[in-house]
Amino acid sequence: MVESSSEKSPLKWSSVISPKAAIAAVIFAAVGLYLASVVPSIEIAWVTAILLLTIYLFAFEIVGVDVAAVSVMVLLGLTSLLAPLMGLEQGLVDNMQLFNGFSSNAVISIIAVMIIGAGLDRTGLMTKVAGFILQIGGTTEARIIPIISATVGFISSFMQNVGAAALFLPVVSRISARSGLPMSRLLMPMGFCAILGGTVSMVGSSPLILLNDLILTSNEALPAEQQMETWGLFSVTPIGVVLVATGIIYFVLAGKFVLPKTKSESSTVGTDPMAYFHDVYGVDYSLNELAVPHDSELVGKKLDDVETSYRVRIIASKLAGEESRVGPGTLARDTEIQPSMVLGVVADPRDLGHFIDKYQLKKRAELRAFADSLAASKAGIAEVLIRPGSKLIGKSARDVWMRKTYGLAMIGLHRNGETMREGDDIRNMPLLAGDTLVVHTAWNALERIEKDRDFLVVTTEYPREEKLRPHKITPALAFFGVALFMVLFTDIRLSVALLTGAVGMILSGVLKIEEAYEAVSWKTVFLLASLIPLGLAVETSGTAKWIAEEVVGVVGNAAPWMIQTAIAVLATFFTLVMSNVGATVLLVPLAVNIAIQVGADPAVFALTVAIATSNSFLIPTHQVNALIMGPAGYRVADFMRAGGIMTLLFLLVMIPMMNLIF
């Protein structure tokens, strides 16, 4: 397993600092010394230095990002003790407020949505959603990414984007396991589109919710002829829709180049259920999906009529509008093949080709009907031994209807060093003690076989389904609905609304309290909570205001659209190092004043700030990025590579769209 960034020891500096990182440290230090000579106050100088240190630690991952964030928080706390030595009158952050991040609205909201998502997943609801997406999108990135991303983008247009991302995190996990696609190939498109979806309506993100209040506040200081109109609920929708579409197109076209494939996520379950059988027994078997046309001569025949003759093994079937038939109690040798039936077949490719040609069957390029039920996380090859003393000794697989009774579709029999296969009449051979049966089976069926004293299951390392609670789906949906209603239609704080749903799921037995604790990514919690004091220092020290004034001073005489772009870039930078709400509150009054000075529309400039604070893809400081970082095994470099391009695309789309519409 690949060592994650969070597992790097903060003490082994010599082993983790590369020559590139050492050179960068010198450059960052030089920049810090230069800025210290031009800033207007010693407080701003120290905050700027700590800000540069944070960016450096994040960019080069000298330690894990959560360790870096906690270290910066502690450093800010120590400034109260070291203030006289630093030339300060007091610490950069009041120590009474240093740990406020752990009780902040954002952090508590993230904890709550993680618990709600785990509760919905525990009922099996997310499994069904994942199965539906797989049925529509198959198992290819190019089809799955647009479906997931568009859905999450739509949901995040009317609820907090971190809530939408957390809601779909279990869905993506299921899809990853069943399609064989690493989570790292799916979570970043989903997360980025959740952030982009926040720009589709005026209730999609906190800055847009706050914007109209800030406009009304600014109006109090403006003459009547310069008063701004507030924005309507869907004023930003054309811009947001284009931004979401841009994100989807970007990952569909460039995903294979910019998305990482983390070994930790791709080394769990093989994507080919037949790989083990091929490696151990040297038989080139494959799993395929075949559709039976109405006029095929196969219609009306029973499985027993064709399997041995054509050396194929049918392990699943499905009729239109019905569930897949896989596992115990479904298929048997007397199952009749019907028109338009879809078959899941295990066979040697040559035998399969002969079978297809004989009956004019249609072979599908990938699993569609069985993408979920025959996924590597749900079914595969296993070795099962006949125990001495088993009541099956002397009986054949046909005698006990093994496929129907036990859910074991025998495709090989290993005896005395020889492996016999379909076509060698293995199902008519009386079983002997010590026979190894090579079977294709659903993993939940294999779990039951492990308790059967007639068998000894040799294959022990296989995916086991978590114990689901489908009978709890009603209270789970009820408390999720209560939380969603409170978020959308009441003025109660987001954290209180979401915690209501989370606590309701625990009290109603959807989740046990231990499972709720396990559902929370504490790395994410510490990352976000520890960065909040840095944002506070950037605001209260005057650092943010100084940076804004310097930028405006550079572009003050440019064309209005260039000044608007500069404001968007400034908002983008601020939202990387402080809360998007803080960046909006700070920059909207500045943007309004600049717009009036250059003869532009102040309401549009204010909207520019509120939208640009969603342009947060470069480093994992946004709540959504922090949420997906751990499960996908992302590193900061992964965000910088994929997020850097997305940041530029955001600006290139947003500015022209705003000027076109407004």
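Fair warning: this is a prediction, and the values are worked out from it, not measured in the lab.

So, how was this worked out
Residues numbered from 1 in each chain as written. Predicted model: local features only at pLDDT ≥ 70, side-chain atom pairs only at ≥ 80, totals over all residues. Heavy atoms only, no water. Helix = DSSP H or I, 4+ residues; strand = E, 2+ residues; numbered from the N terminus. Buried < 20%, exposed > 50% of the residue type's maximum accessible area, 1.4 Å probe, protein only. Contact = heavy atoms within 4.5 Å. Areas by Shrake-Rupley, 256 points an atom, 1.4 Å probe, with all protein chains shown as cover. Lys, Arg positive; Asp, Glu negative; His and termini not counted. Charge placed at Lys NZ, Arg CZ, Asp CG, Glu CD. Pairing = 2+ DSSP bridges. Arc of directions from axis to C-beta. Salt bridge = Lys/Arg side-chain N within 4 Å of Asp/Glu carboxyl O. Patch = residues over 30% accessible without salt bridge, like charges linked within 9 Å, V, L, I, M, F, W, Y side chains within 5 Å. Axes fitted to C-alpha atoms, helices over the stretch in contact; angles between N-to-C directions. Phe/Tyr/Trp six-rings, centres within 6.5 Å; stacked < 30°, edge-to-face > 60°. pLDDT = per-residue confidence, 0-100.

Draft legend 1. The arrangement of the overall build of the protein in detail. Each helix and strand counted, the protein has 27 helices and nine strands in total. Principal-axis analysis of the C-alpha atoms gives the protein an extent of 95 × 55 × 50 Å. Taking all 662 residues of the protein together, the buried fraction comes to 53%. Long-range contacts, defined as pairs at least 24 residues apart, comprise 78% of the intrachain contacts of the protein with a sequence gap of at least 6. Here the protein displays about 28,400 Å² of accessible surface, and carbon together with sulfur accounts for 60% of that area. The positive charge centre, built from 48 side chains, and the negative charge centre, built from 55, are 9 Å apart in the protein.

Draft legend 2. Just the pairing of strand 1 (residues 286–291), in detail. For strand 1, the buried fraction is high: five of the six residues fall into the buried class. Pairing between strand 1 and strand 3 (residues 342–347): six bridges, direction antiparallel. Bridge pairing links Ala-291 to Val-342 in strand 3. Bridge analysis of strand 1 against strand 4 (residues 362–363) gives two bridges, and the strand direction is antiparallel. What sits directly across from Leu-290, in strand 4, is Lys-363.

Draft legend 3. A look at the pairing of strand 8 (residues 436–442). With seven of seven residues buried, strand 8 is to be regarded as a mostly interior element. Burial along strand 8 is two-sided: the face carrying Thr-436, Val-438, His-440 and Ala-442 and the face carrying Leu-437, Val-439 and Thr-441 are both buried. Where strand 5 (residues 379–386) and strand 8 come together, seven bridges link them in antiparallel fashion. The residue bridging Ile-381 from the neighbouring strand is His-440, located in strand 8. Examined bridge by bridge, strand 6 (residues 408–415) and strand 8 share six bridges and lie antiparallel to one another. Directly across from Leu-408, in strand 8, lies its bridge partner Thr-441.

Draft legend 4. Region of interest: helix 15 (residues 349–359). The set of residues buried in helix 15 consists of Leu-352, Phe-355, Ile-356 and Tyr-359. Seen from one end, helix 15 has its buried residues packed into an arc of 95 degrees, which puts them on one side. In helix 15, the exposed positions angled more than 90 degrees off the buried face are occupied by Arg-350 and Asp-357. Those residues of helix 15 that are buried lie in contact with strand 1, helix 14 (303–310), strand 2 (312–318), strand 3 and strand 4. In the stretch just after helix 15, Gln-360 is the one whose phi turns positive, near 55 degrees.

Draft legend 5. Up close: the environment of Leu-78. Relative to the assigned elements, Leu-78 resides in helix 4 (residues 65–86). Once the C-alpha coordinates of Leu-78 and Gly-91 are considered, the two residues, 13 residues apart in sequence, prove to be 7.6 Å apart.

Draft legend 6. Spotlight on the pattern of salt bridges. Here the structure, examined in full by the defined rule, presents 15 salt bridges. Ionic contacts of the salt-bridge type, sharing partners, join the residues Glu-307, Arg-313, Arg-403 and Arg-427 into one network.

Draft legend 7. Geometry of a nonpolar patch on the surface. On the surface, a cluster of nonpolar side chains totalling about 510 Å² of accessible area is made up of Val-74, Leu-78, Leu-81, Leu-82 and Leu-85. With respect to the helices and strands, Leu-82 occurs in helix 4. Residue Leu-82 is classed as partly exposed on the basis of its relative accessible area, which comes to 35%.

Draft legend 8. Structural view of the sheet that holds strand 2. Ordered in space as 2-3-1-4, the four strands form an open sheet in which the pairing is antiparallel. Among the strands making up the open sheet, the edge pair consists of strand 2 and strand 4. The pairing of strand 2 with strand 3 spans six bridges and is antiparallel. Bridge pairing in strand 3 places Ser-317 opposite Leu-343.

Draft legend 9. Inspection of the sheet that holds strand 9 (residues 455–457) at higher detail. Strand order across the open sheet formed by five strands is 7-6-8-5-9, with antiparallel pairing between neighbours. Strands at the two margins of the open sheet, each flanked by one partner only, are strand 7 (418–421) and strand 9. Averaged over all pairs of adjacent strands, the angle between their axes in this sheet comes to 35 degrees, without regard to strand direction.

Draft legend 10. Here's a closer look at the side chain of Asn-625. Summarising the element assignment, Asn-625 is placed in helix 26 (residues 623–632). Ignoring anything within four residues of it in the chain, the contact list for Asn-625 reads Phe-192, Ile-195, Ser-616, Phe-617, Ile-619, Pro-620 and Phe-639.

Draft legend 11. Spatial organisation of the environment of Lys-261. Here Lys-261 is to be found in the loop between helix 11 (237–258) and helix 12 (263–266). For the pair Lys-261 and Thr-151, spaced 110 residues apart in sequence, the C-alpha to C-alpha distance is 23 Å.

Draft legend 12. Region of the structure containing unusual backbone geometry. Positive phi outside glycine occurs at Arg-311, with the angle close to 55 degrees. With a phi close to 55 degrees, Gln-360 is a non-glycine residue in the positive phi region. Note that Gln-360 resides in the loop between helix 15 and strand 4.

Draft legend 13. Here's a closer look at the packing of aromatic side chains. Tallying each qualifying case throughout the model produces 15 aromatic pairs. On the numbers, 5.6 Å between centres and 55 degrees between planes, the contact of Phe-192 with Phe-251 is tilted. Taken as a pair, Phe-192 in helix 9 (residues 187–197) and Phe-251 in helix 11 lie far apart in primary sequence, 59 residues in all. Under the relative-accessibility criterion, Phe-251 is labelled buried at 2%. Aromatic pair Tyr-634 and Phe-639: ring centres 5.5 Å apart, planes at 75 degrees, arrangement edge-to-face. Each member of the pair, Tyr-634 as well as Phe-639, carries the same accessibility label: buried.

Draft legend 14. Summary view of the confidence of the model for the protein. Here the protein shows a mean pLDDT of 83. Residues at 70 or above account for 90%. Averaged pLDDT values over the elements of the protein bottom out at 38 in helix 12 and peak at 94 in helix 11. Predicted confidence for residues 1–15 stays below pLDDT 50, and this span has 18 contacts to residues more than four positions away or in other chains.

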